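Survey of secondary and tertiary structure
Letter by letter, the chains look like this.
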Amino acid sequence: MTSEFESENVFVDEMLTTAKRISRDGYGILATDESIPTAGKRLASIGVDNTYNNRRAFRELLYTTEDLGRHISGVIMFDETLYQRSAGGVRFVNVLRDQGILTGIKVDTGLQNLAGTNGETATQGLDGLGERCKAYRAEGASFAKWRAVLKIGSGMPSDRAISENAHALARYASICQEHGLVPIVEPEVTLSPGDYSIERAAYEGERVLSHVMRVLNQHDVIPEAMILKVSMALPGLDAVFGDSCKEEVAKYTVRTMKRCVPPAVAGIHFLSGGMGAEEATQNLQALQRECPHAPWTLSFSFGRALQDAVLKEWGGKEQNVQAAQQLLLQLARVNSEAQRGVWDEEHPTPGGGRLSLPKLSYSSERRRSADLFNW
């Protein structure tokens, strides 16, 4: 039986098409939804001031990269960016549309401490979300994103944190679908300090994801008209990890998805938080080999893994734009190839891997405490 919510939703066919288009083989998502303060930290790393024009200039560099639409199906924006234009006066939404890239929008308003927990958080932003969805759709957005963050530690993630974030994700997804936006549901079990094992990470991922999917079902969220964004199963920052790291990550990540995600979901896009750019690409390809006939697309929704090296190449200088764009195109291409399981060349930004360091604790290379929960 079809739910009343689905049968009366006039946007269903459009949302089904959008979800399939974003999640088709060989394509992934470029996440550029950093808040203004976070964008400022990234710009500061290359000695560039956090001004409106500098933020706009870097986004323009990304969005105007020629042939980006051959590998990227969607771009997630922050509220400010949705209304920005290129130096030539063209709206960024239209710049992307001309390449066949769909525009998404981050709709949550950030994290707040959750009372009664050991520093766990709940995501805010449900107030007025329906009206904002209408406005974002009118501006050209076709999908949205909401990020919940769950930490692994002593007694974490707690039942309270899982329940609170699952209900917020479900309510968000329902409101988005009510107003014609495909929701990206992101229950991120974030990389955390400690020496917990990959088995523990996978177990906690199952706890979170199974609860989220159950609550989505209770809210009649249409699975074919949503996209799931999750982290890969990764051991703690101080864990010792051996030579078969990519295979282990793929094994436990795929097992978690099989146990928790119904095949009706359009696609699963993995975030790159905590991994180096090459490491993220390697792990993405390992997923395809672990589950070559997955019922959903196993793809990527990368932010820093696609942006960090490009930002450094640009350095805030106009004369570096073309070189930075070529690097972005190469990064998008190798991840597109990894998503199809056919990548077999040197990575554009080799090295910097952290999981790939055999039989060592990699906390010193993986951890920058200020960035742990801000990818």
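Residues numbered from 1 in each chain as written. Predicted model: local features only at pLDDT ≥ 70, side-chain atom pairs only at ≥ 80, totals over all residues. Heavy atoms only, no water.

What the protein chain contains, in helices and strands, is 14 helices and twelve strands. Here the C-alpha radius of gyration of the protein chain, 19 Å, is about what a compact globule of 375 residues would show, namely 21 Å. Taking the principal axes of its C-alpha atoms as reference, the protein chain extends roughly 55 × 50 × 40 Å. The buried share of the protein chain, taken over its 375 residues, is 59%. If you take every contact in the protein chain between residues at least 6 apart in sequence, the share linking residues at least 24 apart comes to 80%. Within the structure as shown, the protein chain displays about 15100 Å² of accessible surface, and the carbon and sulfur contribution to it stands at 46%. Distance between charge centroids for the protein chain: 2 Å, based on 41 positive and 47 negative side chains. (Helix = DSSP H or I, 4+ residues; strand = E, 2+ residues; numbered from the N terminus. Rg over C-alpha atoms; globule rule 2.2 N^0.38 Å. Buried < 20%, exposed > 50% of the residue type's maximum accessible area, 1.4 Å probe, protein only. Contact = heavy atoms within 4.5 Å. Areas by Shrake-Rupley, 256 points an atom, 1.4 Å probe, with all protein chains shown as cover. Lys, Arg positive; Asp, Glu negative; His and termini not counted. Charge placed at Lys NZ, Arg CZ, Asp CG, Glu CD.)

For the rest of this paragraph, the subject is the packing of helix α11 (residues 277-290) against helix α13 (residues 321-339). Viewed as axis vectors pointing N to C, α11 and α13 meet at an angle of 20°, and their least axial separation amounts to 7 Å. Our classification of the angle between α11 and α13 gives roughly parallel. On α13, the residues that touch T281, L284, Q285 and Q288 of α11 are V334, N335, E337, A338 and Q339. (Axes fitted to C-alpha atoms, helices over the stretch in contact; angles between N-to-C directions. Parallel < 35°, antiparallel > 145°, perpendicular 65-115°, else oblique.)

Moving on, we come to the pairing of strand β10 (residues 267-270). Side chains of β10 alternate between two faces, with G267 and H269 and I268 and F270 buried alike. Pairing analysis gives four bridges linking strand β8 (residues 227-230) to β10, with the strands arranged parallel. Pairing of I227 across the sheet is with G267, part of β10. Where β10 meets strand β11 (residues 297-302), four bridges bridge the pair, whose relative direction is parallel. (Pairing = 2+ DSSP bridges.)

With that out of the way, let us pick up the pairing of strand β7 (residues 182-189). When you tally the buried positions in β7, you get eight out of eight residues, the bulk of the element. A two-sided burial pattern is seen for β7, the buried positions comprising V182, I184, E186 and E188 on one face and P183, V185, P187 and V189 on the other. As judged from the eight bridges shared by strand β6 (residues 143-150) and β7, these two strands associate in the parallel manner. Counterpart to A144 in the pairing with β7 is P183. Taken together, β6, helix α8 (residues 159-178) and β7 constitute a β-α-β crossover, and its handedness is right-handed. (Right-handed = clockwise from strand over helix to strand, strands pointing away.)

This next bit is on the sheet that holds strand β2 (residues 72-77). The eight strands lie next to each other as β1-β2-β3-β6-β7-β8-β10-β11, forming a closed barrel whose pairing is parallel. Neighbour-to-neighbour, the strand axes of this sheet turn through a mean angle of 25°, independent of strand direction. Direction of pairing for β7 relative to β8: parallel, over a ladder of two bridges. Directly across from V185, in β8, lies its bridge partner L228.

Residues T38, A39, G40, R42 and L43 constitute the buried set of helix α3 (residues 36-44). For α3, the elements touching its buried residues are α4 (52-63) and α12 (304-314).

Counted by the stated rule, this structure contains two cavities of 30 Å³ or more. Estimates place the volume of the largest cavity at around 210 Å³. Every residue lining the largest cavity is counted, 20 residues in all, and those nearest its centre are V189, A201, G205, S231 and M232. Looking at the lining of the largest cavity, the elements with two or more residues in it are β7, α9 (198-218) and α10 (245-260). A per-element tally of the lining of the largest cavity places α9 first, with five residues. (1 Å grid on protein atoms, 1.4 Å probe; cavity = no way out; pocket = protein on both sides within 12 Å on 5 of 7 lines; lining within 4 Å. Points joined across faces, edges and corners; volume = space filled by probe spheres on them.)

On to the packing of aromatic side chains. For the coordinates displayed, the defined rule picks out four aromatic pairs. Summarising the aromatic geometry, the rings of F58 and W314 are spaced 5.4 Å apart at their centres and angled 25° between planes, so their arrangement reads as stacked. Of the two residues, F58 is situated in helix α4 and W314 in helix α12; the sequence distance between them amounts to 256 residues. Neither residue differs from the other here; F58 and W314 are each classed as buried. Judged by centre distance (5.2 Å) and plane angle (40°), the ring pair of F300 and F302 falls under tilted. By relative accessible area, which is 0% here, F302 ends up buried. (Phe/Tyr/Trp six-rings, centres within 6.5 Å; stacked < 30°, edge-to-face > 60°.)

It is worth spelling out the packing of α4 against α12 at this point. Following both chains from N to C, one finds α4 and α12 inclined at 115°, their axes separated by 11 Å at the closest point. One finds that α4 runs roughly perpendicular with respect to α12. The way α4 lies across α12 gives a crossing that is right-handed. Judged by residue contacts, N54, A57, F58, L61 and L62 of α4 engage Q307, V310, L311 and W314 from α12. Of the residues in the contact of α4 with α12, the class split is seven nonpolar, two polar and no charged. (Left-handed = near helix turned anticlockwise from the far one by under 90°. Nonpolar A, V, L, I, M, F, W, Y, C, P; charged D, E, K, R; others polar.)

A word on the state of the cysteines. Throughout the structure, instances matching the rule amount to zero disulfides. With no disulfide of its own, C245 has C291 as its nearest cysteine by sulfur position, at a separation of 20 Å. Classification of C245 by relative accessible area gives buried; the value is 4%. Here C260 is not disulfide-linked; the sulfur of C291 is the nearest cysteine sulfur, at 14 Å. (Disulfide = S-S within 2.5 Å.)

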